[in-house]
Amino acid sequence: QVQLAESGGGLVQAGGSLRLSCAASGSIFSINDMGWYRQAPGKQRMLVAAITSGGSTNYADSVKDRFTISRDNAKNTVYLQMNSLKPEDTAVYYCNANIRSSTSYYALTYWGRGTQVTVSS
């Protein structure tokens, strides 16, 4: 029943900005950690940024000082503000969240289906 839906991807020129959103829906009791991953063609999926339920954040070195992760717990939504985008940021970006449903005592990890971000030179 729980689902994640990403939005905000698209095509942007180098140096531009995009804001990704990921909304969790369904029978949700609570959401723990949330994060953004990305995967470029021929590359491994990597963690871009993560945020705990308390607001602590982690970033990959390659995006630190350019990207900002945040969350709105009232809306069950996590955001990724991406500034000063580079061609090497081109990838499919996936939302990830550890969520306890209303019918379970335990949390499970969920993935969104991904949103394409393309940065042109």
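Rules and cut-offs
Here the residue numbering is sequential within each chain, running from 1 through the sequence in written order. Totals for whole chains, interfaces and linings use all residues, but because this is a predicted model, local features are given only for residues with pLDDT of at least 70 and pairs of side-chain atoms are given and counted only at 80 or more. As a rule here, side-chain values come from all non-hydrogen atoms in the structure, and water together with hydrogens is ignored. We define a salt bridge as a contact between a side-chain nitrogen of Lys or Arg and a carboxyl oxygen of Asp or Glu at a distance within 4 Å. Only DSSP runs of H or I covering at least 4 residues are called helices, and only runs of E covering at least 2 are called strands; the numbering of each starts at the N terminus. Buried, partly exposed and exposed residues are distinguished by accessible area as a fraction of the type maximum, computed with a 1.4 Å probe on protein chains only: under 20%, between the cut-offs, and over 50%, respectively. In plain words, nonpolar cores are sets of buried Ala, Val, Leu, Ile, Met, Phe, Trp, Tyr and Cys residues tied together by side-chain atoms within 4.5 Å. Contacts were defined at the residue level, with two residues in contact if any of their heavy atoms lie within 4.5 Å. Two strands pair if DSSP finds at least two bridges between them. Planes of paired rings set the category: under 30 degrees apart is stacked, over 60 is edge-to-face and the rest tilted, where pairs are Phe, Tyr or Trp rings (Trp by its six-membered ring) whose centres lie within 6.5 Å. For a ring to carry a charge above it, either NZ of a lysine or CZ of an arginine must fall within 6 Å of the ring centroid while also lying within 35 degrees of the normal to the ring plane. Orientation is described by lines fitted to C-alpha atoms, with helices fitted over the stretch in contact, and by angles between N-to-C directions that extend from 0 to 180 degrees.

(A) Region of the structure containing the pattern of salt bridges. In this structure the tally under the stated criterion is 2 salt bridges. Residue Asp 89 is joined to Arg 38 by a salt bridge in which the shortest nitrogen-to-oxygen separation is 2.9 Å. You can see Asp 89 sitting in the loop between strand 8 (77-82) and strand 9 (91-101) and its partner Arg 38 sitting in strand 4 (residues 28-39), a full 51 residues away along the chain. Here Arg 38 falls in the buried class, since its relative accessible area comes to 8%. Here the residues in one salt-bridge network are Arg 38, Arg 66 and Asp 89, joined through shared partners.

(B) Quick peek at the nonpolar core. Counting 31 residues, the largest nonpolar core has Trp 36, Leu 80, Met 82, Tyr 93 and Ile 99 as its most contacted members. If you list the elements that add at least two residues to this core, you get strand 3 (18-25), strand 4, strand 5 (46-51), strand 7 (67-72), strand 8, strand 9 and strand 11 (115-120). Broken down by element, the residue count for this core peaks at 5 residues, all from strand 9. Residues in contact with Leu 80, not counting those within four places in the same chain, are Leu 18, Arg 19, Leu 20, Trp 36, Val 48, Ala 49, Phe 67, Thr 68, Ile 69 and Tyr 93.

(C) Spotlight on the pairing of strand 8. Burial runs high along strand 8: 5 of the 6 residues are buried. Pairing of strand 7 with strand 8, which is carried by 6 bridges, proceeds in the antiparallel orientation. In the sheet register, Thr 68 faces strand 8, and the bridge partner there is Gln 81. Joining the antiparallel neighbours strand 7 and strand 8 is a turn of 4 residues, in which Asn 76 adopts a positive phi near 55°.

(D) Structural view of the packing of aromatic side chains. In total, this model carries 1 aromatic pair according to the counting rule given. The residue whose ring lies beneath Arg 45 is Tyr 94, and the NZ or CZ to ring-centre distance is 3.8 Å. For Arg 45, the ring lying beneath its charged end belongs to Trp 111, and the centroid distance is 4.9 Å.

(E) A look at the sheet that holds strand 1 (residues 3-7). If you walk across this open sheet you meet the 4 strands as 1-3-8-7, and the pairing is antiparallel. Strand pairing shows two members of the sheet lacking a second neighbour, strand 1 and strand 7, which therefore form its edges. Sheet twist, expressed as the average angle between the axes of neighbouring strands with direction ignored, equals 15°. Inspection of the sheet shows strand 1 paired to strand 3 by 5 bridges, in the antiparallel sense. Among the inter-strand pairings, Leu 4 is bridged to a residue of strand 3, identified as Ala 24.

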